[in-house]
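For reference, the chains in residue letters:
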Amino acid sequence: MKLYLILPMLLWCLNSSAQKYNFEKEYKGIEPKVIDWRRDFHQNPELSNREFNTAEKIASHLKSLGIEVQTGVAKTGVVGILKGNRNGKVIALRADIDALPVTERNDLPFKSTVTSEFLGQEVGVMHACGHDTHTAILMGVAEILSKNRDKIKGTVKFIFQPAEEGPPPGEEGGALLMVKEGVLKNPDVDAIFGLHINSSTPVGVIRYKSEGLMAAVQRFVIKVEGKQTHGSQPWKGIDPILISAKIIDGLQTIISREVDLTNEAAVISVGKITSGVRFNIIPESAEMIGTIRTLDYDMQKQITERMKEMVPDIAKTYGGTATIEIKSNTDITFNKPELVTQMLPTLNRVAGKENVQIQKAVTGGEDFSYFQNEVPGFFFFLGGMTPGNTSSFPHHTPDFSIDENGMILGVKALTEMSLDFLNN
Ligand SMILES: [Zn+2]
Ligand SMILES: [Zn+2]
């Protein structure tokens, strides 16, 4: 073939790979809407399992697009089912919709002044984790895809999930309850994608990691029994406070001396100790609560088994008794390597290869992990920090803020990942 024929073809190929679906007009049109929705959610945040108005707004948007809608899923969750013009696989996209008991300190025209009751306390409520952006982004994706059914070979399931931050004590909720209620069935989901906005990742950047991205979160309670005595005569009793100190020391040696930290990070933290009433009484008992973070199930097994051995053994050495109870809050947010490899070209295309970066493992947790336990999943971080800034306020704090210019990349990524996955 002559050069003058090859060159224009080559240019056409390059161009079409940069804009595979020609959605530039759609993205331009949706961005101001996504920003408006986000501001509305931001100004009207609702706590976990109480996202009533948020759910209503999502459901009415999906209905207006002609998407089949289920409400009241896992209490306040909303699920939309969008069937393409041709049969094929089923992809699920998940956004979490809940806010936190944090009082906003940002000076914004759409600042939250909402208050609510949380564990018997009057608290400020704020979207201090950015779930308002996730909700708005997914509403934008739903709008674009619903207007392009001809490009969808299969089905897209939009999962708007309540209570990611954890349901109030005594209640069920979040991803675990959604799975239990069959959100991944009928039609059966082949894979699931999700994202989290990040206040310390620059706008325009996507960060990802194959395998363990975020930690399994476990909560433990240790109860130590001693024998009460006068503070001046410790030899007449058994000191549960001293035993607690020895246990804390012992637990830290599991991390520092026993697990292979070159494999993955692991953390044990005691967050609360309760014991005693006054200065001159050695009390009867002590209680400690804390958390375990792991990114590898073998390490998790090793750590929890050693804790269960060590806690009663240490107490026994000092004449007391101790029990430990361990419960899971979330599992490992585990990105299936094959799925990551499959979707990486899409991320490179929408963000630009240089803006798709490797993320180090994070010791925070995500209940997206419960979906990934059932079907292959890919969860990644989306930049929400103003370019040029070098620091930002962490998630879950009163000054947490997000640069809204980061959201459109989330819309692009989820829209095109869905289409590429289904059409492949
Ligand atoms: Zn959070
Ligand atoms: Zn979050």
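See the structure above.
None of the values given here were measured: they were computed from a predicted structure.

Caption draft 1: Just the sheet that holds strand S1 (residues 68-73), in detail. Pairing is mixed in the open sheet, where eight strands are placed in the order S1-S2-S6-S3-S7-S18-S8-S17. Either end of the sheet is taken by a strand with one partner, and the two such strands are S1 and strand S17 (356-358). The average angle at which neighbouring strand axes cross in this sheet is 25°, direction not considered. Sheet topology note: the strand S3 (residues 86-96)/strand S7 (residues 191-202) ladder contains four bridges and is parallel. Within S7, the position partnered with Arg 94 by the bridge is Gly 194. Those strands touched by helix H10 (residues 407-423) are S3, strand S6 (153-161), S7, strand S8 (206-208) and strand S18 (377-385), and its axis lies near 150° from that of S3.

Caption draft 2: Structural context of helix H3 (residues 52-64). An ideal rise of 1.5 Å per residue puts 18 Å on 13 residues; H3 measures up with 18 Å between its terminal C-alpha atoms. Turning to H3, its buried residues number three or more, namely Thr 54, Ala 55, Ile 58, Ala 59, His 61 and Leu 62. The buried residues of H3 occupy an angular sector of 160° when projected down its axis, which confines them to one face. Away from the buried face of H3 by more than 90 degrees, exposed residues Phe 52, Glu 56, Lys 63 and Ser 64 are located. The positive-phi residue at the C-terminal boundary of H3 is Gly 66, with phi of around 80°.

Caption draft 3: Seen up close, the coordination of the zinc ion (ligand 1). Only Cys 129 (SG), Glu 165 (OE) and His 396 (NE2) from the protein coordinate the zinc ion (ligand 1), and they sit 2.0 to 2.3 Å from it. Mapping the donors of the zinc ion (ligand 1) onto the primary sequence yields the spacing C-x35-E-x230-H. Between the two metal centres, the zinc ion (ligand 1) and the zinc ion (ligand 2), the spacing is 3.1 Å, with Cys 129 acting as a shared donor. Here His 396 lies in the loop between S18 and H10 and Cys 129 lies in the loop between strand S5 (121-124) and helix H4 (131-146), a separation of 267 residues in the sequence. On the basis of relative accessibility, which here comes to 39%, the residue His 396 falls in the partly exposed class.

Conventions adopted
Residues numbered from 1 in each chain as written. Chains lettered and ligands numbered in written order. Predicted model: local features only at pLDDT ≥ 70, side-chain atom pairs only at ≥ 80, totals over all residues. Heavy atoms only, no water. Pairing = 2+ DSSP bridges. Helix = DSSP H or I, 4+ residues; strand = E, 2+ residues; numbered from the N terminus. Axes fitted to C-alpha atoms, helices over the stretch in contact; angles between N-to-C directions. Contact = heavy atoms within 4.5 Å. Expected span 1.5 Å × (residues − 1). Buried < 20%, exposed > 50% of the residue type's maximum accessible area, 1.4 Å probe, protein only. Arc of directions from axis to C-beta. Donors = N, O, S within 2.8 Å, 3.2 Å for Na, K, Ca; no water.

Interpretation note: all reported values are geometric properties and have no functional meaning in isolation.
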